[in-house]
Amino acid sequence: MNPDIAAELPLVAVVGPTASGKSALGVWLADQFGGEVLACDSTQLYRGFDIGTAKPGMGERRGVAHHLNDSLASTEASTAGGYREMALAVLGDLRARGRVPVLTVGTGLYLRALLEGLADVPQRSEELRERLRASASEHEAGYLHRLLARLDAEAAGKIAAADEQKLIRAIEVCVLTRRPVSEVHRTGRTPLAGWRALKIGLMPSREALYERIHARTDAMLERGWMEEVRGLMASGLPENAKPFDFIGYRELREVLRGEKTLEAARSAIQQATRQYAKRQLTWFRRDPAIHWLAGFGDEASVQDTAREWLCAQGLAVSPRTV
């Protein structure tokens, strides 16, 4: 083994679509290898938004320490840069204590920001954004995508024509830096040093995943998801608080306002979750470093296979689990 690699400490990242059992596998692996879990999911960072984000409860954590859950107030912005800063602090603490970090990754962008670093991009310009939104409303559909294609064809090829938020940000960076955004993102990055990332991907069959998504939605509603949303609405949170846009929270808020039936909301939540799972898989499949496992993270066979693979990469099982 390369001596430089041997000197690095292992960092385990469990990736996969929502409802694939990342949290269960993360906890099990942390217990096996003497590790602690770091949430790498933009929705689980927010306090008070628990049931609908599938945030692991105390029972599910099985005594394993978890980090970064509940680290943001609902009025705070969640960004890749902010996540990296918080995660680096946790990694420093785990290194000092000789613990293995196990990341449960639902937001691929945050993992990439942590491992590869972030480009030196300019801050948001609300004035420019307003101008772009106004221009988009005055032109035919696809205007922003065509504009970005003229500024940076490479970036335009990676962003859907209907994704206004990402299009505006890409155009904003092009205009403010006077460089293609794809070029900006390739330069100025500071990769994570001192850690060797070992990535495990969960890929159950599509049919089984969709069945679990539907069942999990029902279970969340039975656990009191509606009551959680009602409490959040009554707590005085601003209506434009970012977490209210999360899948399920927006639909259940519509139910409580009398704008949608519960059954219509349930169906919409299940459909939006299926679509989100597809987007996650599309992102993760682009990473050739991921070692994929067929199945769910709470299946014993998947857990055993994951442990065997990590042992083959040089991790040692914790003495108390042997």
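Look a little higher up for the structure.
What counts, and where the lines are drawn
- Residues numbered from 1 in each chain as written.
- Predicted model: local features only at pLDDT ≥ 70, side-chain atom pairs only at ≥ 80, totals over all residues.
- Heavy atoms only, no water.
- Helix = DSSP H or I, 4+ residues; strand = E, 2+ residues; numbered from the N terminus.
- Rg over C-alpha atoms; globule rule 2.2 N^0.38 Å.
- Buried < 20%, exposed > 50% of the residue type's maximum accessible area, 1.4 Å probe, protein only.
- Contact = heavy atoms within 4.5 Å.
- Areas by Shrake-Rupley, 256 points an atom, 1.4 Å probe, with all protein chains shown as cover.
- Axes fitted to C-alpha atoms, helices over the stretch in contact; angles between N-to-C directions.
- Parallel < 35°, antiparallel > 145°, perpendicular 65-115°, else oblique.
- Left-handed = near helix turned anticlockwise from the far one by under 90°.
- Nonpolar A, V, L, I, M, F, W, Y, C, P; charged D, E, K, R; others polar.
- Core = buried A, V, L, I, M, F, W, Y, C linked by side-chain atoms within 4.5 Å.
- Patch = residues over 30% accessible without salt bridge, like charges linked within 9 Å, V, L, I, M, F, W, Y side chains within 5 Å.
- Salt bridge = Lys/Arg side-chain N within 4 Å of Asp/Glu carboxyl O.
- Lys, Arg positive; Asp, Glu negative; His and termini not counted.
- Charge placed at Lys NZ, Arg CZ, Asp CG, Glu CD.
- Polar contact = N/O pair within 3.5 Å; in protein donor to acceptor, adjacent residues only side chain to side chain.
- Pairing = 2+ DSSP bridges.

J.: Could you clarify how one ought to interpret the overall build of the protein in this entry?
T.: Along the backbone of the protein there are 15 helices and six strands. Against the globule reference of 20 Å for 322 residues, the protein gives a C-alpha radius of gyration of 21 Å, in line with a compact fold. For the protein, the residues scored as buried account for 46% of the 322 residues in total. At a minimum sequence separation of 6, the contacts of the protein that also span at least 24 residues come to 76%. Accessible surface computed for the protein: about 16,100 Å², of which carbon and sulfur atoms make up 51%.

J.: How should the packing of helix H11 (residues 206-222) against helix H14 (residues 262-284) be read in this particular structure?
T.: What describes two packed helices is the angle between their axes and the distance between those same axes. One way to put it is that H11 packs onto H14 with a least axis distance of 10 Å and a crossing angle of 135°. As judged from the angle between their axes, H11 and H14 are oblique. Between H11 and H14 lies a crossing whose hand is right-handed. Of the residues in H14, those touching H11 at Leu209, Tyr210, Ile213, His214, Arg216, Thr217, Asp218 and Leu221 are Leu262, Arg266, Ile269, Gln270, Thr273, Arg274, Ala277 and Lys278. The class makeup of the residues in the contact of H11 with H14 is seven nonpolar, four polar and five charged.

J.: Would you mind going over the nonpolar core with me for this structure?
T.: Nonpolar side chains tend to gather and get buried jointly when the protein is soluble and globular. Residues Tyr83, Leu103, Val105, Leu111, Trp225 and Leu252 are the most contacted members of the largest nonpolar core, which totals 42 residues. Ranked by residue count, the leading element in this core is helix H4 (residues 80-97), at six residues. Contact partners of Leu103, with chain neighbours within four places excluded, come to Leu11, Val12, Ala13, Val14, Leu38, Cys40, Tyr83, Leu111 and Leu114. Among the nonpolar cores identified, the runner-up in size contains 21 residues, and Val12, Leu29, Val37 and Trp309 belong to it.

J.: Help me understand a positive patch on the surface, please; the structure alone is not making it clear to me.
T.: Taken together, the side chains of Arg112, Lys166, Arg279 and Arg286 present a region of like positive charge at the surface. Position of Arg286 relative to the elements: it lies in the loop between H14 and strand S6 (290-293).

J.: Looking at this model, I keep getting lost on the side chain of Thr18. Mind explaining?
T.: Secondary-structure assignment places Thr18 in the loop between strand S1 (9-15) and helix H2 (22-33). Among the polar contacts made by the side chain of Thr18, one reaches the side chain of Arg216 at a distance of 2.7 Å. Ignoring anything within four residues of it in the chain, the contact list for Thr18 reads Leu209, Ile213, Arg216, Thr273, Tyr276, Ala277 and Gln280.

J.: Please clarify how the pattern of salt bridges should be interpreted in this entry.
T.: Two side chains of opposite charge can pair, provided their charged atoms sit close to one another. Across all of its chains, the model carries 22 salt bridges by this definition. In this structure, Glu130 engages Arg133 in a salt bridge whose closest nitrogen and oxygen atoms are separated by 2.8 Å. Note that Glu130 and Arg133 are positioned in helix H6 (residues 126-138) at a spacing of three residues, about one turn of the helix. A relative accessible area of 47% means that Glu130 is categorised as partly exposed.

J.: Can you walk me through the pairing of strand S5 (residues 195-202) in this structure?
T.: It is a general feature of regular strands that their side chains alternate between the two faces of the sheet. Within S5, seven of the eight residues are buried, which leaves the element mostly enclosed by the surrounding structure. Where S1 and S5 come together, seven bridges link them in parallel fashion. Of the residues in S5, the one forming a bridge with Val12 is Leu198. With four bridges joining them, S5 and S6 adopt parallel strand pairing. Each bridged residue has a counterpart across the sheet, and for Lys199 the counterpart in S6 is Ile290.

J.: I tried to follow the sheet that holds strand S4 (residues 100-105) on my own but got confused; where do I start?
T.: Across a sheet, strands are paired by hydrogen bonds formed along the backbone, either parallel or antiparallel in direction. Strand order in this open sheet of six strands is S3-S2-S4-S1-S5-S6, and the pairing throughout is parallel. Pairing within the sheet leaves two strands with one partner each, and these edge strands are strand S3 (66-67) and S6. Judged from the two bridges that link them, strand S2 (residues 35-40) and S3 form a sheet pairing that is parallel. Paired with Val37 across the strands is His66, a residue of S3. Set on the sheet, H4 makes contact with S1, S2, S3, S4 and S5; between it and S2 the angle comes to about 180°. Strand contacts of helix H5 (residues 108-116): S1, S2, S4 and S5, with the helix running at about 145° to S4, the strand carrying the most contacts.

J.: Would you explain unusual backbone geometry in this entry?
T.: Across the chain, the bulk of peptide bonds are trans and the bulk of non-glycine residues have phi less than zero. Located in the positive-phi region is Ala19, a residue other than glycine, with phi close to 75°. Structurally, Ala19 can be placed in the loop between S1 and H2. Assessed through its relative accessible area of 8%, Ala19 is described here as buried.

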